[in-house]
Amino acid sequence: VDSARWFGKLSTTVIYVSCGVLFVFPDLPLAAVDALIGLCFVLLTLSGVLYGRHYHGILRGALKSDPAIRKTVRRVVMALLALVWLAILGLCLYYRRLISVDSIVSYSPHSIPLAILLMLLLFALKSVSFVLYCGIFYAASGVLFPLPLAIAVNILGTAVMALFPYFLGRALGAEATDELLAKHPRVRRLRDLREGNDFLFVVLVRASRLSYDVVSLFMGAIGVPFKKYLPASVLGMIVPIVTYPLIGMSVSDPHSPMFRLSILAEIVLAAAAITVWQLYRRRHTKS
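Parameters and conventions
- Residues numbered from 1 in each chain as written.
- Predicted model: local features only at pLDDT ≥ 70, side-chain atom pairs only at ≥ 80, totals over all residues.
- Heavy atoms only, no water.
- Helix = DSSP H or I, 4+ residues; strand = E, 2+ residues; numbered from the N terminus.
- Buried < 20%, exposed > 50% of the residue type's maximum accessible area, 1.4 Å probe, protein only.
- Contact = heavy atoms within 4.5 Å.
- Phe/Tyr/Trp six-rings, centres within 6.5 Å; stacked < 30°, edge-to-face > 60°.
- Core = buried A, V, L, I, M, F, W, Y, C linked by side-chain atoms within 4.5 Å.
- Axes fitted to C-alpha atoms, helices over the stretch in contact; angles between N-to-C directions.
- Left-handed = near helix turned anticlockwise from the far one by under 90°.
- Nonpolar A, V, L, I, M, F, W, Y, C, P; charged D, E, K, R; others polar.

One can find serine 233 in helix H12 (residues 226-236). Taking relative accessible area as the criterion, serine 233 reaches 0% and is therefore assigned buried.

Pasting the structure below:
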C-alpha cells in the first residue's frame, strides 16, 4: 500500500475548505461558487492524472517482471472495459432521443464553466461509446457559446475524444491490431499506407472522416507516438471544429448567409480533404 501523494492531499484540503466556505457563506455570488467548483475540478483532474502516472509505473514494473500477472491483468481489464462499454452503449441507445443539439442546449446549465464541463463530459462519453456522432456536440457548442469559445471547447473536446481509444489500443497492442485488421478492411489499408511521417498520416486519416474511434484505437495499437498523434488528430478535425459551430449558430435561419456559407465551406473543405487523401493513397500505392 503506497502512501498518499502531495497532490492528493492538496485536492482533499481544497475540497474541504471549499465545502466549509459554502456552508459558512451560503449567499456567495454565483461567480465565486463557480470558481470554487472549477478549482476543485482542476485539482481533482490533476490529482487523477498524476496518480494514474504513478501507479501506472508500479503496474508496468510488475507486468514486465511477471508474465502471469500481465496475462491476468489484461483479461481483467478487457472484461471490465467490455462491461463498461456495454453499459454505456445501452444507455446511449436508450436515451438516444436526448442526444441531440436541442436536448443538449436545453439541459445545459446556465453557468458557462459548468456548460463547458458538461460538453467535455459528453465528448468523453462519445470516446467510449463508439456510436455517438461528434458533429452533434460540435454544433451544440456553437449554440451554447460565442464562436471563439465554441471553437476552443471543440478543440478540447476533440482531444478528449482521442484519448481513451488511443490508450486502449496501446494497452491491447498487437492483439487489437490483429482484430481490427480482421474486422475492418479499411483499417488494413491504413496499415499499408503508413509511412515515416506519422503526423501527416494522422492528419490525412482524420480529414478523410474515417470512423474516429476505430482510427484512434488503431493508432494506439500500431504505436503512433502520442506527441504526434494528439495535435495531428485535432488538426485533422479542424474543419468540422470550426464549421459545425457556425452551422449551429445559424441553424434557426437556414436561409442566412452564415448558414449557407458554413454548409458550403464544409462541403468544399471535406471534398478537398478527401481529394488529398486519395492522392496520398495513389502516390503511396505507386511507390
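Continuing now.
Moving on, we come to the side chain of asparagine 154. Note that asparagine 154 resides in helix H7 (residues 147-172). On the basis of relative accessible area, asparagine 154 is assigned to the buried category, the value being 0%. Contact partners of asparagine 154, with chain neighbours within four places excluded, come to Phe123, Phe137, Tyr138, Ser141, Ile241 and Pro245.

In this section: the packing of aromatic side chains. Overall, the coordinates contain 12 aromatic pairs when judged by the stated rule. For the pair tyrosine 166 and phenylalanine 226, a centre-to-centre distance of 5.5 Å together with 45 degrees between the ring planes defines the contact as tilted. Of this pair, tyrosine 166 sits in helix H7 while phenylalanine 226 is found in helix H12, placing the two residues 60 residues apart along the sequence. Exposure remark for tyrosine 166: the relative accessible area of 0% places this residue in the buried category. Owing to a relative accessible area of 28%, phenylalanine 226 belongs among the partly exposed residues under this scheme. Plain terms: the ring middles of phenylalanine 167 and phenylalanine 226 are 5.2 Å apart, the flat faces sit at 35 degrees to each other, and that makes the pair tilted. Here phenylalanine 167 is found in helix H7, whereas its partner phenylalanine 226 is found in helix H12, with 59 residues between them in sequence.

Glancing now at the nonpolar core. One finds Met119, Phe137, Tyr138, Phe145, Val202, Met219 and Tyr229 to be the most contacted residues of the largest nonpolar core, which totals 34 residues. Mapped onto this core, the elements with two or more residues apiece are helix H5 (112-129), helix H6 (134-144), H7, helix H10 (198-207), helix H11 (212-221), H12 and helix H13 (238-249). Once residues lying within four places of it in the same chain are set aside, the contact partners of valine 202 are Met219, Val224, Tyr229, Ala232 and Ser233.

What follows deals with the environment of leucine 147. By secondary structure assignment, the location of leucine 147 is in helix H7. Given the relative accessible area of 26%, leucine 147 is considered partly exposed. Spatially, the C-alpha atoms of leucine 147 and proline 245 are 7.0 Å apart, while their sequence positions differ by 98 residues. Leaving out residues up to four positions away in the same chain, leucine 147 has contacts with Pro245, Leu246 and Met249.

A few words now on the packing of H5 against H7. One way to put it is that H5 packs onto H7 with a least axis distance of 8 Å and a crossing angle of 35 degrees. The two elements H5 and H7 meet at a crossing, and its hand is right-handed. Of the residues in H7, those in contact with Ile112, Ile116, Met119, Leu120, Phe123, Ala124, Lys126, Ser127 and Val128 of H5 are Leu149, Val153, Asn154, Leu156, Gly157, Val160, Met161, Phe164 and Pro165. When grouped by side-chain class, the residues that make up the contact of H5 with H7 number 14 nonpolar, 3 polar and 1 charged.

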